[in-house]
Structure formats: structure tokens, C-alpha cells
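The chain contents come next:
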Amino acid sequence: MPVGPRTTRRSRAARPAPPLGSLTQSVHRDGSACGSCGSERVTQLSMSLTDGTPVRFVSCHVCEERSWLSSAGPMSVDSVLDRTRKQ
């Protein structure tokens, strides 16, 4: 195998990652709160459903409420499941 100069791949322009936040360090929380009990102890994930719908999943560590939010507003579990089925 010949040894020669290594070629480098051009990397894609990296998009800045959104802040992850923290449940244990209040300075890293982004102010999001549970829509049910108002607690700021929530975990949230941004994702795209199978049909391409961008949503934010929010799970509360206090009351265990789980919700999915789209740009049009809150989504029911049935609506999320319908949009995640492969057609």
C-alpha cells in the first residue's frame, strides 16, 4: 500500500447545538416550565416526526406530565402516533 500525503475531507458547516440545560444547575435552565404544574424541572427534546413535523417533547419530573408541542400548538398522543407511522 503506497504511503503518501493524506487527503482531508471537508467538514460540513456545523450548526450550533441548542443549549442542553440542566436540572441540577439553575443557571443552565432555560426557563421552560411544565404546562400542567408549572415546575421548571422538565426535560425537553426537539425532534422531527416521521412525517417531517418538527416537535418539542416536554417531560415533567414533578408531575410526570408529557406533552408534544408543534408550531401549531400542543399535539395529542394520538396525533403524534399517527404522524410517526411509516406509510
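The structure under discussion appears in the preceding block.
About the cut-offs
Residues numbered from 1 in each chain as written. Predicted model: local features only at pLDDT ≥ 70, side-chain atom pairs only at ≥ 80, totals over all residues. Heavy atoms only, no water. Pairing = 2+ DSSP bridges. Helix = DSSP H or I, 4+ residues; strand = E, 2+ residues; numbered from the N terminus. Axes fitted to C-alpha atoms, helices over the stretch in contact; angles between N-to-C directions. Salt bridge = Lys/Arg side-chain N within 4 Å of Asp/Glu carboxyl O. Buried < 20%, exposed > 50% of the residue type's maximum accessible area, 1.4 Å probe, protein only. Polar contact = N/O pair within 3.5 Å; in protein donor to acceptor, adjacent residues only side chain to side chain. Contact = heavy atoms within 4.5 Å.

## Focus on the sheet that holds strand β1 (residues 42–48)
Then step 1. Strand order in this open sheet of four strands is β1-β2-β3-β4, and the pairing throughout is antiparallel. Each end of this open sheet is capped by a strand with a single partner; those strands are β1 and β4 (73–75). Neighbour-to-neighbour, the strand axes of the sheet open up by a mean angle of 30°, direction not taken into account.
Then step 2. Examined bridge by bridge, β1 and strand β2 (residues 54–60) share seven bridges and lie antiparallel to one another. When the sheet's bridge partners are listed, Ser 48 is paired in β2 with Pro 54.

## Description of the pattern of salt bridges
Then step 1. Considering all chains together, one arrives at two salt bridges under this definition.
Then step 2. Here Asp 51 and Arg 83 are joined by a salt bridge, their closest N and O atoms 3.2 Å apart. Residue Asp 51 is located in the loop between β1 and β2, and its partner Arg 83 is located in helix α1 (residues 77–84); the two are separated by 32 residues in the primary sequence.
Then step 3. A residue is classified by how much of its surface remains accessible, and Asp 51, at 42% relative accessible area, is partly exposed.
Then step 4. Residue Arg 83 is classed as partly exposed on the basis of its relative accessible area of 33%.
Then step 5. Ionic pairing is found between Arg 85 and Asp 82, a salt bridge with its closest N-O pair at 2.6 Å.

## Side note on the side chain of Thr 53
Then step 1. Here Thr 53 lies in the loop between β1 and β2.
Then step 2. In terms of polar contacts, Thr 53 uses its side chain to reach the side chain of Arg 83, at 2.8 Å.
Then step 3. With sequence-adjacent residues up to four places away left out, Thr 53 is seen in contact with Met 47, Ser 48, Ser 70 and Arg 83.

Any link to function would need more than the numbers given here.
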